[in-house]
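Structural overview for review
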Amino acid sequence: MRVPSFLEKIKLLSKKIPEPIYIFVLCLLTYGLLVPWLGFYLDDWYIILFQKYFGAGDFSLFFEGDRPLFGYIYQFFMGIFRDSKLAWQIFAVISHALASIVFWWLLVKILPKRRKLAFVASLFFMVYPGFKFHWFAVMYSQAYILYTIYFFSYIFMIDAVRKERGKFWFTLLAVICLIIGIVPQEDFFGLELIRPIVLWIVLSETHPTIKERLKLSLLKWIPYLIIVIGFTLYRVGFTSQYSYKISLLDELQTYPIQTILRLIGEVFWSTLDAIVNSWTSTIQILNRNLLTNFSIALILLVLVGIFLSILSLNKYEKSEEQEHSNRWIILIGLLATITSMIPFVVGSFKINLDFPNNRYLYAMAPGASLFLAGAIDSLLRSNRQKVITIGLLIGFAMGSQFLTARTFMLSWKAQQNFFWQMTWRMPDLKKNTILITEDLPFSQLFSGSSLTGPLNLSYANGLNSHNIPYLFVVIAQQENVIPDMREDQPVESNFRSFEFNGNTSSMIVFHQPSVGCFRVLSPSNSAGEFLYSRRMGFWNSAIPLSNLDQIITNPETPKVPPQEYFGRENQDQWCFYFEKADLARQQQQWNEVIQWYGEAQEKGYKPLTDAEWLPLVDAYLNQNDLQKALEITNLIDDLDKTNTAGFCNLWSNQKGTPGNQQMVDDALHFLRCKR
């Protein structure tokens, strides 16, 4: 008797593993590997701020001007996970896996003889590479729970049709799940147009005649149609309660032909992005140095994804689906992809692969995944071709999502460093202070309004007021927050349930370069540093308004970022010494400035950018040690006028000072400053 080989044992074992286990494991590998190093992003932050200030008791107030019914969902889950970033990230993986498993269950219910195709579509849904917002854990973990509940509305509806007992209760459960699925957050509203088609398919098992099947489909659709019509009327009638308006109606009234033609084009390109480009773009993960540690880990994950996908498909017999037609499956998948756009189209939102427009693609994922599964089964001949193609698509999609997770991880780390540097430089702040800059290197995942959350958690932790004392402004995203960039102009900003009231004379202007440390700018700084900026006008107007008196330089208890979000303080870095030296410079403690630079040098640290020599040059100039100041100035490598502007300011101020004028002239000549 022949003993099975190791590979044969693996194949035999793989056939015994249920589909939900495969889905969960692949989901864990796709989204869970970097979970310990991820945090909060964009809207997550002011949700956390609200929870920290007021608890989880009344989130309906938080969503009062947006999605008023969504608050009840948040109240439930915020009460469980509160402000634990690890808990939210783990929950996001679980909820994503749960939605994928229930989607598989639904497809098996609809297509009981097509289990392999249902499994493939659910895997595509789980790894769907067009959607890159999974790691906004607070927002989208709950969105996937709503997805799960919405899928259950179909499952209960099918049971109400097929089962002889309990039809009323299954229908009631289906209606309740429909309400929970679309009313709090209407993202899945467009998929409701697929419901009568699903009823038609299910009824075809017992009612072969078209006339009778059509009549029953419409009759059984009525309870769900009533909910959809009722919610539509409510949404249109109470649109003032929502921040997302139904703007399409106004456009159709004003420019009907142009609007219709524009919609046709946008729907076409969005559909192409959803079902084709989102998958073909995953090959771009190889467009990188493949010899780095991360790239090696990425390739290993892709290979593991391919292996597990192929292994999971081994459980199905090769001849299982060869006799079935996929024409209707492909058509339904395409239709579901298109109809799912409805909530976003009526709000005039763009749907494509660009950030942040790709967040709408998650509503299109079920249809796009079903379409792709049916297309592969139809277009490829042999089972081997199909299995390899499916494995490659899933493996590369997993790699693409892992690469996106790394972007989130690096942005979180950059934000953590940013807030530690900020509190080193500004130990405390006076109330009603505005922190303002042009842009941030990590602003793609952290808007100015969202960073107002951690700013207040750092400097006003424990507050329980909707009137917050600090405002964070990134002009690249919030040009209208401060319409009048002049002295002593009122600034009012409202977001969600929070309000800020301040003044342009209470602003602190700062700059965070992509390489280098957090820098507070004072009116003595030259706007020439930002000559090449697209918003040079902002710097010209804002820098003279930067009020460093808003910084409390010697508080009794210096503020620090909350450790539960930002980790432990790490003083073993150059930026710690720079921020402390720059703070001493503000206080005109010149010996202390020199001391901080000396300590940094002893530990092997040095400035990351030329601008970080400015405090030391300023200290030596104020101590009338022009020789030392000139030595430091001569360390500058880049003599571009934007890089030398700050130094030119310092040396120009030395003109006319008795003695050592030759060194002043030498410095100005070296820096190529305008005389």
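Quick summary incoming for the structure in this document.

Procedures and definitions
- Residues numbered from 1 in each chain as written.
- Predicted model: local features only at pLDDT ≥ 70, side-chain atom pairs only at ≥ 80, totals over all residues.
- Heavy atoms only, no water.
- Phe/Tyr/Trp six-rings, centres within 6.5 Å; stacked < 30°, edge-to-face > 60°.
- Helix = DSSP H or I, 4+ residues; strand = E, 2+ residues; numbered from the N terminus.
- Buried < 20%, exposed > 50% of the residue type's maximum accessible area, 1.4 Å probe, protein only.
- Lys NZ or Arg CZ within 6 Å of the ring centre and 35° of its normal.
- Axes fitted to C-alpha atoms, helices over the stretch in contact; angles between N-to-C directions.
- Left-handed = near helix turned anticlockwise from the far one by under 90°.
- Contact = heavy atoms within 4.5 Å.
- Nonpolar A, V, L, I, M, F, W, Y, C, P; charged D, E, K, R; others polar.
- Polar contact = N/O pair within 3.5 Å; in protein donor to acceptor, adjacent residues only side chain to side chain.
- Disulfide = S-S within 2.5 Å.
- Core = buried A, V, L, I, M, F, W, Y, C linked by side-chain atoms within 4.5 Å.
- Salt bridge = Lys/Arg side-chain N within 4 Å of Asp/Glu carboxyl O.
- Expected span 1.5 Å × (residues − 1).
- Bend = angle between axes of the 7 residues up to and from the residue.
- Arc of directions from axis to C-beta.
- Pairing = 2+ DSSP bridges.

A word on the packing of aromatic side chains
Here the structure, examined in full by the defined rule, presents 81 aromatic pairs. Pairing Trp45 with Trp412 gives two aromatic rings, centres 6.0 Å apart and planes at 25 degrees, and the pair type is stacked. With Trp45 in helix 3 (residues 43-54) and Trp412 in helix 18 (residues 383-425), this pair connects stretches of sequence that are 367 residues apart. In this structure Trp412 comes out as buried when scored by relative accessible area, which is 2%. Taken together, a centroid distance of 5.5 Å and an interplanar angle of 75 degrees make the contact between Tyr150 and Tyr154 edge-to-face. Within this pair, Tyr150 and its partner Tyr154 are both found in helix 8 (residues 137-162), separated by four residues, close to a single helical turn. Tyr150 gets classed as buried once you look at its relative accessible area, which sits at 1%. Under the relative-accessibility criterion, Tyr154 is labelled buried at 5%. The ring of Tyr154 is capped by Arg195, whose NZ or CZ atom sits 4.1 Å from the centre of that ring. Sitting above the plane of the Phe294 ring, Arg406 keeps its charged end 4.5 Å from the centroid.

Focus on the packing of helix 3 against helix 19 (residues 448-459)
For any two helices packed against each other, one specifies the inter-axial angle together with the distance between the axes. Following both chains from N to C, one finds helix 3 and helix 19 inclined at 35 degrees, their axes separated by 7 Å at the closest point. Considering only the axes of helix 3 and helix 19, their crossing is left-handed. Mapping the contact onto sequence places Asp43, Trp45, Tyr46, Ile48, Leu49, Lys52 and Tyr53 in helix 3 and Ser449, Ser450, Gly453, Pro454, Asn456 and Leu457 in helix 19. Of the residues belonging to the contact of helix 3 with helix 19, the class tally is seven nonpolar, four polar and two charged.

Re the side chain of Ser270
Position of Ser270 relative to the elements: it lies in helix 13 (residues 256-280). Separated by 2.8 Å, the side chain of Ser270 and the backbone oxygen of Ile351 make a polar contact. Residues contacting Ser270, with those up to four places away along its chain left out, are Met341, Ile351 and Met364.

Quick word on the side chain of Arg519
Following the sequence through the fold, Arg519 ends up in strand 6 (residues 519-521). Apart from residues no more than four positions distant in its own chain, Arg519 is found in contact with Val509, Phe510, His511, Asn525, Glu529, Phe578, Ala611 and Leu614.

Notes on the state of the cysteines
By the definition in use, this model includes two disulfides. Note on cysteine connectivity: Cys517 is disulfide-linked to Cys575, with sulfurs 2.0 Å apart. Negative torsions about the S-S bond denote left-handed disulfides, and the value of about -90 degrees found for Cys517 with Cys575 makes this one left-handed. Linking Cys517 in the loop between strand 5 (507-511) and strand 6 with Cys575 in helix 22 (residues 574-586), this pair joins segments that are 58 residues apart in sequence. Sulfur-sulfur distance for the disulfide between Cys648 and Cys673 comes to 1.9 Å. Because the torsion about its S-S bond is -85 degrees, the bridge between Cys648 and Cys673 counts as left-handed. With Cys648 in helix 26 (residues 641-652) and Cys673 in the segment after helix 27 (661-671), this pair connects stretches of sequence that are 25 residues apart. Cys648 gets classed as buried once you look at its relative accessible area, which sits at 13%. Counting only the cysteines that take part in disulfides, in the order they occur along the protein chain, gives the pairing 1-2, 3-4.

Comments concerning the nonpolar core
Ranked by internal contacts, the top residues of the largest apolar core, which has 231 residues, are Trp88, Phe124, Met422, Met426, Ile436 and Trp651. The element best represented in this core is helix 8, accounting for 18 residues. Every residue in contact with Trp651, bar those within four places of it in the chain, is listed here: Val617, Leu621, Leu626, Ala629, Leu630, Thr633, Met663, Val664, Ala667, Leu668 and Leu671.

Thoughts on the pattern of salt bridges
Opposite charge on two side chains permits them to pair, given that their charged atoms come into close proximity. In the structure shown here, the tally under the stated rule is 18 salt bridges. The residue Glu205 makes a salt bridge to Arg162 at a minimum N-O spacing of 2.5 Å. Of the two residues, Glu205 sits in the loop between helix 10 (195-203) and helix 11 (210-237) while Arg162 sits in helix 8, which places them 43 residues apart along the sequence. A salt bridge links Glu529 to Arg519, with the shortest nitrogen-to-oxygen separation between them at 2.9 Å. Of this pair, Glu529 sits in the loop between strand 6 and helix 20 (536-542) while Arg519 sits in strand 6; the two residues are 10 residues apart in sequence, bridging distant segments of the chain.

With respect to the environment of Phe349
Inspection of the secondary structure assignment puts Phe349 in the loop between helix 16 (342-345) and helix 17 (365-379). Note: C-alpha distance between Phe349 and Tyr360 (11 residues apart in sequence) is 8.7 Å.

Describing the environment of Leu33
For Leu33, the location among the structural elements is in the loop between helix 2 (19-31) and helix 3. When its relative accessible area of 37% is taken as the criterion, Leu33 is described as partly exposed. Non-local contacts of Leu33, meaning those with residues more than four positions away in its chain, are made with Leu28, Leu301 and Phe402.

Overview of helix 11
Taking 1.5 Å per residue, 28 residues should reach 40 Å; helix 11 reaches 38 Å between its end C-alpha atoms and fits that length. Largest kink in helix 11: about 50 degrees, centred on Ile222, with the proline Pro223 one to four residues after it. Turning to helix 11, its buried residues are Arg213, Ser217, Trp221, Tyr224, Ile227, Val228, Phe231 and Arg235. At its buried positions, helix 11 is contacted by helix 8, helix 9 (167-182) and helix 10.

Quick look at unusual backbone geometry
In this structure, Pro356 follows Phe355 across a cis peptide bond, with omega equal to 5 degrees. Positive phi outside glycine occurs at Ser348, with the angle close to 60 degrees. Mapped onto the elements of the fold, Ser348 is located in the loop between helix 16 and helix 17. Of note in this structure, Gln588 is not a glycine but carries a positive phi near 60 degrees. Checked against the element boundaries, Gln588 lands in the loop between helix 22 and helix 23 (590-602).

Looking at helix 10
Among all positions of helix 10, only Arg195, Pro196, Val198, Leu199, Val202 and Leu203 are buried. Along helix 10, the residues classed as buried sweep out an arc of 155 degrees about the axis, all on the same side.

Re the sheet that holds strand 5
Here four strands make up an open sheet; going across it, the order is 2-1-5-6 and the pairing mixed. Each edge of the open sheet is held by one strand with a lone partner, namely strand 2 (470-474) and strand 6. Going across the sheet, the axis of each strand differs from the next one's by a mean of 30 degrees, ignoring polarity. Relative to strand 5, strand 1 (residues 433-437) is paired through three bridges, and the arrangement is parallel. Each bridged residue has a counterpart across the sheet, and for Ile436 the counterpart in strand 5 is Val509.

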